[in-house]
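Chain by chain, the residues:
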Amino acid sequence: MKKILLFLSVIFISLGSYAQQQDDSLVNSQVLDNLNQLMDLWYVRNGVDTVISSTGLNHHLDIPDSVIIKRMHYIPTAIPLTFNYKVRHWIDFYLKQEDAIPAFLGLGKIYFPVFEQILDKYNLPLELKYLPIIESAFNIRARSRAGAVGLWQIMYGTGRLYGLEINSLVDERMDPYKSTDAAARILKDLYDKYHDWYLVLAAYNAGPGNVNKAIRRSGGKTNYWDIYPYLPRETRGYVPGFIAIVYIMNYASEHNYFPAKFDFDLSADTVMVTDTLHLRQVAEVLHIPIERLRDLNPQYKLDIIPGQIKPYPLRLPSQKILAFIDLQDSIYNYKDSLFFNHNVLVNPRTYYARGSYRHTPCYTNTRGRVKLYYTVKPGDTFGYIADWYDVTIRALKCWNNRWSNRLRVGERLVVYVPASKVKKYKKINSMSFEQKQKYTGTPVVNTTQPKDPNYVYYQIHRGESLYIIAKKFPDVSYYDLMKINGFTAEDVKHLKPGQWIKIKKKN
């Protein structure tokens, strides 16, 4: 009997060792990259008492499992905190990050109030505030190899689907407020779909498609630990890593970790910018370090705020707000020809705006393009014309020295198109509205209500998104609407007012 028990013990230890080796691979290079990038951030390197060195301190890596289990029991959380060797592996991994943990604790004091307020707005568990540590290590500019961006690592298509602006100048996935609001809505929709927080976390990381595939491969099981082997490798470590971070952030002091202090205030005051502005103009006139200004306004990818298109927020240190208001005209005019003259064409036309006289930069480059003319017809808008010629509204207005949205029937507009596609675009001027819409892949919306009696239908109103529509109907998520209508993420971006969509089957 003793020999059998000894044999079983050896087998158990071997399996545990093998599992540990397997989990070592889950500490993937992306996690390590995020940790390294965190320590290179300007406000981390230059903050006050930025990183409290923990080298040489006893971080109690040898605490028994029973103590950790007991501590987890006292953490107030709506998301269950399972303990197993996978979770213990991640706890040990993070406890060894002697510079990162103080930074997490210090940055948490800055970001958590923002996260908690938005999570509470959507009635979500507040412990979801720890997700950005797993996703990006609190690096607001983090970019994964797959293209996910920001604190919450939101993909391009998902960001657009949830109303985030993403273009050459602005990426709101790096705006801490707007990206958090979008992430909260994503998490809420995923919970409406799965009703299980572990599956929600897995789906947030890997996408619902991978979670659904894992469920199918497991024979229809819906317990996270049952589908664990069928998930992508990175996602297998995601939930255990989240649980580990929840534990560490709640019991850091018991492991001799304390918050680093940063001279960085996310709740800085905001002014609205209504004309083109470069962050360096603000930084140099108001004597603010450009890195600090960038950290407060990370959504402006090229340091340019395109305020001539619509008002955009500019976050400033509170003590600089009055100075900005007093020196606003000087700031806009400061070295404008220098900051807007790099690989762009500056429109020589000047105009009066809010009583000030300044240049309006035009972000277009006509090199390799041929000039065509388009005659405005009844019902045309700058938006339609820009879509037909695959250009931006800003470029179209710039080429024609136009700054309002008004068009006159019969007037000719200049449009620059690629020299290799002149034949394609030359046809557009002589086409009917319906032909142009069909030619560019955006058919005219049929506003006639469908007749299928088996479905409830809804007609889209101006300004409504699929997410907003889903909220109008109980027990319907935007994922349900995508599925029942056969929409792709690209289809959702091109929904039009007047279009009818299916909501659900009639009972």
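Residues numbered from 1 in each chain as written. Predicted model: local features only at pLDDT ≥ 70, side-chain atom pairs only at ≥ 80, totals over all residues. Heavy atoms only, no water.

1. With respect to the overall build of the chain
Okay, step 1: Within the chain one finds 26 helices and ten strands.
Okay, step 2: Accessible surface, the chain: about 25,500 Å² in total, of which carbon and sulfur atoms supply 52%. (Helix = DSSP H or I, 4+ residues; strand = E, 2+ residues; numbered from the N terminus. Areas by Shrake-Rupley, 256 points an atom, 1.4 Å probe, with all protein chains shown as cover.)

2. Details of the side chain of arginine 173
Okay, step 1: Considering the arrangement of structural elements, one finds arginine 173 in the loop between α8 (156–161) and α9 (176–194).
Okay, step 2: Reaching out from arginine 173, the side chain makes a polar contact with the side chain of aspartate 171 at a distance of 2.9 Å.
Okay, step 3: Excluding residues that lie within four positions of it along the chain, arginine 173 makes contacts with Arg143, Gly147, Val149, Gly150, Leu151, Ile154, Met155, Tyr156, Leu164, Ile166 and Ser179. (Polar contact = N/O pair within 3.5 Å; in protein donor to acceptor, adjacent residues only side chain to side chain. Contact = heavy atoms within 4.5 Å.)

3. Describing the pattern of salt bridges
Okay, step 1: Throughout the structure, instances matching the rule amount to 13 salt bridges.
Okay, step 2: Of the charged contacts, one joins aspartate 175 and arginine 315 as a salt bridge, the two residues approaching to 3.3 Å between their closest N and O atoms. One end of the pair, aspartate 175, is in the loop between α8 and α9; the other, arginine 315, is in strand β4 (residues 312–316), and 140 residues separate them in sequence.
Okay, step 3: We classify aspartate 175 as buried; its relative accessible area is 2%.
Okay, step 4: Arginine 294 is paired through a salt bridge with aspartate 303; the nearest N and O atoms lie 2.7 Å apart.
Okay, step 5: Within this structure, Asp65, Arg88 and Asp92 form a network of salt bridges that share partners. (Salt bridge = Lys/Arg side-chain N within 4 Å of Asp/Glu carboxyl O. Buried < 20%, exposed > 50% of the residue type's maximum accessible area, 1.4 Å probe, protein only.)

4. A closer look at the confidence of the model for the chain
Interpreting fine coordinate detail is not advised for predicted regions of low pLDDT.
Okay, step 1: Confidence in the prediction of the chain, expressed as mean pLDDT, is 80, and 78% of residues score 70 or more.
Okay, step 2: In this model residues 47–53 is a low-confidence stretch, pLDDT under 50, and it forms 23 contacts with partners more than four residues away in sequence or in other chains. (pLDDT = per-residue confidence, 0-100.)

5. Quick look at helix α11 (residues 208–217)
Okay, step 1: Buried residues of α11: Pro208, Val211, Ala214 and Ile215, and no others. Looking straight down α11, one finds its buried side chains confined to an arc of 125°; they lie on one side. Exposed residues on α11 whose side chains face more than 90 degrees from its buried face are Arg216 and Arg217.
Okay, step 2: One or two steps after α11, the chain reaches glycine 219, where phi turns positive at roughly 90°. (Arc of directions from axis to C-beta.)

6. Quick notes on the pairing of β4
Okay, step 1: Within β4, five of the five residues are buried, leaving the element largely enclosed by the surrounding structure.
Okay, step 2: Burial along β4 is two-sided: the face carrying Tyr312, Leu314 and Leu316 and the face carrying Pro313 and Arg315 are both buried.

7. What to know about the packing of aromatic side chains
Okay, step 1: One pass over the full model with this rule turns up 26 aromatic pairs.
Okay, step 2: Taken together, a centroid distance of 5.9 Å and an interplanar angle of 70° make the contact between tyrosine 198 and tyrosine 224 edge-to-face. Taken together, the residues span a long stretch of sequence, with tyrosine 198 in helix α10 (residues 197–206) and tyrosine 224 in helix α12 (residues 224–227) at a distance of 26 residues. Here tyrosine 198 and tyrosine 224 have matching classes, each one buried.
Okay, step 3: Between tyrosine 224 and tryptophan 225 the ring centres are 4.9 Å apart and the planes differ by 80°, which places this aromatic pair in the edge-to-face class.
Okay, step 4: Given a relative accessible area of 1%, tyrosine 224 falls into the buried group.
Okay, step 5: Between lysine 86 and the ring centre of tyrosine 228, over which it is positioned, the NZ or CZ distance is 4.7 Å. (Phe/Tyr/Trp six-rings, centres within 6.5 Å; stacked < 30°, edge-to-face > 60°. Lys NZ or Arg CZ within 6 Å of the ring centre and 35° of its normal.)

8. A look at the packing of α9 against α10
Okay, step 1: Where α9 contacts α10, the axes come no closer than 9 Å and their chain directions differ by 130°. By the angle class used here, α9 and α10 are oblique. For the pair α9 and α10, the crossing hand works out as right-handed. Facing α9, whose interface residues are Ala183, Ile186, Leu187, Leu190, Tyr191 and Tyr194, α10 presents Trp197, Leu199, Val200, Ala203 and Tyr204. (Axes fitted to C-alpha atoms, helices over the stretch in contact; angles between N-to-C directions. Parallel < 35°, antiparallel > 145°, perpendicular 65-115°, else oblique. Left-handed = near helix turned anticlockwise from the far one by under 90°.)

9. Let's talk about the environment of proline 113
Okay, step 1: Examined against the element boundaries, proline 113 turns out to sit in helix α6 (residues 100–121).
Okay, step 2: Note on proline 113: relative accessible area 45%, which makes it partly exposed.
Okay, step 3: For the pair proline 113 and lysine 129, spaced 16 residues apart in the sequence, the C-alpha separation amounts to 9.1 Å.

10. What to know about unusual backbone geometry
Okay, step 1: A positive phi angle, close to 55°, is found at alanine 137, a residue other than glycine.
Okay, step 2: Alanine 137 sits in the buried class, given a relative accessible area of 2%.
Okay, step 3: One non-glycine residue, aspartate 303, lies in positive phi territory at about 70°.
Okay, step 4: Along the chain, the position of aspartate 303 falls in the loop between α16 (290–296) and β3 (304–306).
Okay, step 5: Among the residues examined, aspartate 303 registers a relative accessible area of 9% and is labelled buried.

11. Description of helix α4 (residues 65–73)
Okay, step 1: Ile68, Arg71 and Met72 are the residues of α4 that are buried. Buried residues of α4, viewed axially, fall in a sector of 100°; they line one side. In α4, the exposed positions angled more than 90 degrees off the buried face are occupied by Ser66, Lys70 and His73.
Okay, step 2: At its buried positions, α4 is contacted by α5 (85–95) and α14 (238–250).

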